[in-house]
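# Structural overview
Residue strings, one per chain:
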Amino acid sequence: MRLLHTARAALSGTEPPGTAAVLAVPIAEADEALRRAGLAGNEAWLLDRIYDLGLGPESP
């Protein structure tokens, strides 16, 4: 969730140009963790489950 919120903030357009570049390493680490957990390719499903729990972007 932390990576998701960080990515949204960095890509929201309110941050200085180039901010998104700092996400390359955390995203690679998250991708590797998902692959090791057997969840690679299931990102959409995983985010749907997170949103189902009420932890999505529209949550307080």
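Quantities reported herein were computed from a predicted structural model and do not represent experimental measurements.

## Some remarks on the overall build of the protein chain
When helices and strands are counted, the protein chain shows 3 helices and 0 strands. Tracing the protein chain from N to C terminus, the helices and strands come up as α-α-α. Taken over 60 residues, the protein chain has a buried fraction of 13%.

## Brief notes about the layout of surface pockets
Of the voids in this model, the largest pocket is the one considered here, and its volume is about 370 Å³. Leu3, Leu4, Ala30, Leu34 and Leu47 are the residues nearest the centre of the largest pocket, which is lined by 13 residues in total. Its residues assigned to classes, the lining of the largest pocket comprises 10 nonpolar, no polar and 3 charged.

## Topic: the environment of Ile27
Tracing the sequence through the fold places Ile27 in helix H2 (residues 24–36). In this structure the C-alpha to C-alpha distance between Ile27 and Leu4, which are 23 residues apart in sequence, comes to 9.4 Å.

## Section: the pattern of salt bridges
Scanning the entire structure with this criterion turns up 3 salt bridges. For Glu32, the salt bridge identified is with Arg35, shortest N-O distance 2.5 Å. A residue pair is termed a helical-turn pair when its members lie 3 or 4 positions apart in one helix, as Glu32 and Arg35 do in helix H2 at 3 residues. Across the salt bridge formed by Glu32 and Arg36, the nearest N and O atoms sit 3.6 Å from each other. Here Glu32 pairs with Arg36, and both are found in helix H2, just 4 residues apart, close to one helical turn. Judged by its relative accessible area of 30%, Glu32 is partly exposed. Classification of Arg36 by relative accessible area gives exposed; the value is 60%.

## Quick word on helix H1 (residues 2–11)
Leu4, Ala7 and Ala10 are the residues of H1 that are buried. Burial along H1 is one-sided: seen end-on, the buried residues are contained in an arc of 135 degrees. Tucked into the core, H1 has its buried residues touching helix H3 (43–52).

## A short note on the confidence of the model for the protein chain
Within the protein chain, residue pLDDT values average 75, and 80% of them lie at 70 or more. Mean pLDDT across the elements of the protein chain ranges from a minimum in H1, with 73, to a maximum in H2, with 83.

Quick notes on the rules
- Residues numbered from 1 in each chain as written.
- Predicted model: local features only at pLDDT ≥ 70, side-chain atom pairs only at ≥ 80, totals over all residues.
- Heavy atoms only, no water.
- Helix = DSSP H or I, 4+ residues; strand = E, 2+ residues; numbered from the N terminus.
- Buried < 20%, exposed > 50% of the residue type's maximum accessible area, 1.4 Å probe, protein only.
- 1 Å grid on protein atoms, 1.4 Å probe; cavity = no way out; pocket = protein on both sides within 12 Å on 5 of 7 lines; lining within 4 Å.
- Points joined across faces, edges and corners; volume = space filled by probe spheres on them.
- Nonpolar A, V, L, I, M, F, W, Y, C, P; charged D, E, K, R; others polar.
- Salt bridge = Lys/Arg side-chain N within 4 Å of Asp/Glu carboxyl O.
- Arc of directions from axis to C-beta.
- Contact = heavy atoms within 4.5 Å.
- pLDDT = per-residue confidence, 0-100.

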